Every structure is written in structure tokens, then in C-alpha cells.
Amino acid sequence: MTATVTGNANIEGGGNTALYVKGALALEDDSTLQLTDLTSNRHNAYLNGQLSVGNSPGTATINGGDFAMTPNASFAVEIAGLTPGSQHDQLIITGAGSDIALAGTLTLDVTGAVAASVGDLIFIISNEAGTTTGLFQYAQGAYVDTFYGKKWAISYSADLAGNAFLGGNDVALMAIPEPASAVVLGLTGLLALRRRARA
């Protein structure tokens, strides 16, 4: 089963209803999956398949409720450059208190030839108001892939507003220098220190 959202989609009805997608969820470019119904009740969405956004590539929004991925889910991201929307996919989570729980697999489909620099960031998830929990198959700060002449690591606590690899609740890839293993260890240690400081 594929749930394709071409325009804007709303959940109609009150109570404790939720959206369960047991197949693929393809959100078209600039579409919004609205999880607040017409009577202002908030609902949650659960994905047990592949999530894709945009039209090679693009952006899409989930608004007004929590979004959770199961261990069987995946997020397929197209990357053809460093600019969100026009050159790479980006999922946007909006609405006060709208959280995202990650699980499953992240897959990258990279095309094009871009001159990337160390420190370049690709924000694949922008979480504007809620929390981000969980992770894909990669640990925080782990090496993910090599493309555009650089190795890339992942952060689940990136900061889109500050254009930073740490300090927020967004998900981003960052171009890292060699050796990748040393950088990953450094980033992981820095995150651990930040968490202890907040405790």
C-alpha cells in the first residue's frame, strides 16, 4: 500500500484516531500532512514503510501531531546538491509540541557533482517546534557515506537556525575531514559532554 499525499491531507474525525501507514508514504513537493483535524484535535501518525518527500528532490511538511517511524520504516533521501528543496530532500515537522521519533533505515540517493567543503551541512529533517528522539541505523556522529569528495557524518541534534551540527533538534549530514574515525569520536565526545552539562 502506498499513501500518496499530492496536496494537503487532513485527518477527519475526533477522538483518538491516528494515521497508520503500513506501506510507503510519498509526500509530494510542498505538500502538508495535517495531523490536526477539522475540530482542532491532534493526532499521531505511524509509519511502517518507506517515507519519501518531494519530486526529485523537494520538501514536504508534517504538521500538528507526532510522527513515529517503526524499525521496519525507512527514509529515502535524494541529494543532488546542498540547497534544500531544489537540490536535496527535506522533511519539515511543524506545530507546537509536534515530535518525531526516528527508527529504521536512512537511504541516500546521491547524484550530481558538487564541490563540497569540510563543514558543509545538509539538513534532511527540520523539526521546528518539537523534540527529536531515536535514530536510524547510524549512531550520533557516525560516518554515513562518501560523496562529493567528502565523508559525511550524521547528527540528530543539529541546529538549522544556527547552521550547526549540534545544539538543536534537527537531523543533518556534515562533510568531515580525514580521518573520519577521529572526527566521529570527537563529535560523539562533545555531545556526551553537552548532555552531562545539561543534566
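Residues numbered from 1 in each chain as written. Predicted model: local features only at pLDDT ≥ 70, side-chain atom pairs only at ≥ 80, totals over all residues. Heavy atoms only, no water.

Draft legend 1. Structural detail: the overall build of the chain. The helix and strand inventory of the chain stands at 1 helix and 18 strands. Per-residue burial for the chain yields a buried fraction of 47% across its 199 residues. Long-range contacts, defined here as pairs at least 24 residues apart, represent 68% of the contacts in the chain between residues at least 6 apart. Per element, the accessible surface of the chain, about 9,000 Å² overall, is 52% carbon and sulfur. (Helix = DSSP H or I, 4+ residues; strand = E, 2+ residues; numbered from the N terminus. Buried < 20%, exposed > 50% of the residue type's maximum accessible area, 1.4 Å probe, protein only. Contact = heavy atoms within 4.5 Å. Areas by Shrake-Rupley, 256 points an atom, 1.4 Å probe, with all protein chains shown as cover.)

Draft legend 2. Layout of the sheet that holds strand 6 (residues 45-47). The parallel open sheet is built from 5 strands, whose spatial order is 3-6-9-12-15. Edge positions in the open sheet fall to strand 3 (19-21) and strand 15 (132-134), since each of these has one partner strand only. Within the sheet, the average angular offset between the axes of one strand and its neighbour, ignoring direction, is 15°. Of the pairings in the sheet, the one linking strand 6 to strand 9 (residues 67-69) comprises 3 bridges and is parallel in character. Within strand 9, the residue paired with tyrosine 46 across the bridge is alanine 68. (Pairing = 2+ DSSP bridges. Axes fitted to C-alpha atoms, helices over the stretch in contact; angles between N-to-C directions.)

Draft legend 3. Region of interest: the confidence of the model for the chain. Averaged over the chain, the pLDDT score is 85; the fraction of residues at 70 or greater is 80%. Note that residues 6-10 has pLDDT below 50 and, in this model, 11 contacts with residues that lie over four places away or in other chains. (pLDDT = per-residue confidence, 0-100.)

Draft legend 4. Highlighting the nonpolar core. With 38 residues, the main nonpolar core has Phe75, Leu91 and Ile125 as its most contacted residues. When neighbours within four sequence positions are excluded, phenylalanine 75 is seen to be in contact with Leu51, Val53, Met69, Leu91, Thr105, Leu106, Thr107, Ile124, Ile125 and Phe136. By size, the runner-up hydrophobic cluster in this structure holds 9 residues, among which are Leu121, Ala158, Leu166 and Ile176. (Core = buried A, V, L, I, M, F, W, Y, C linked by side-chain atoms within 4.5 Å.)

Draft legend 5. Here's a closer look at the side chain of threonine 36. Position of threonine 36 among the secondary structure elements: in the loop between strand 5 (31-34) and strand 6. A polar contact is formed between the side chain of threonine 36 and the backbone oxygen of glycine 64, at a distance of 3.0 Å. The contact partners of threonine 36, leaving out residues within four places of it in the chain, are Asn41, Arg42, Asn63 and Gly64. (Polar contact = N/O pair within 3.5 Å; in protein donor to acceptor, adjacent residues only side chain to side chain.)

Draft legend 6. The environment of aspartate 89, seen in detail. Relative to the assigned elements, aspartate 89 resides in the loop between strand 10 (74-79) and strand 11 (90-94). Taking the relative accessible area as the measure of exposure, aspartate 89 reaches 1% and is therefore buried. Filtering out sequence-adjacent residues up to four positions away, aspartate 89 remains in contact with Val53, Pro57, Gly58, Ala76, Val77, Glu78, Phe123 and Ile124. For aspartate 89, the side chain forms a polar contact with the main-chain nitrogen of glycine 58, separated by 2.9 Å. Reaching out from aspartate 89, the side chain makes a polar contact with the backbone nitrogen of glutamate 78 at a distance of 2.8 Å.

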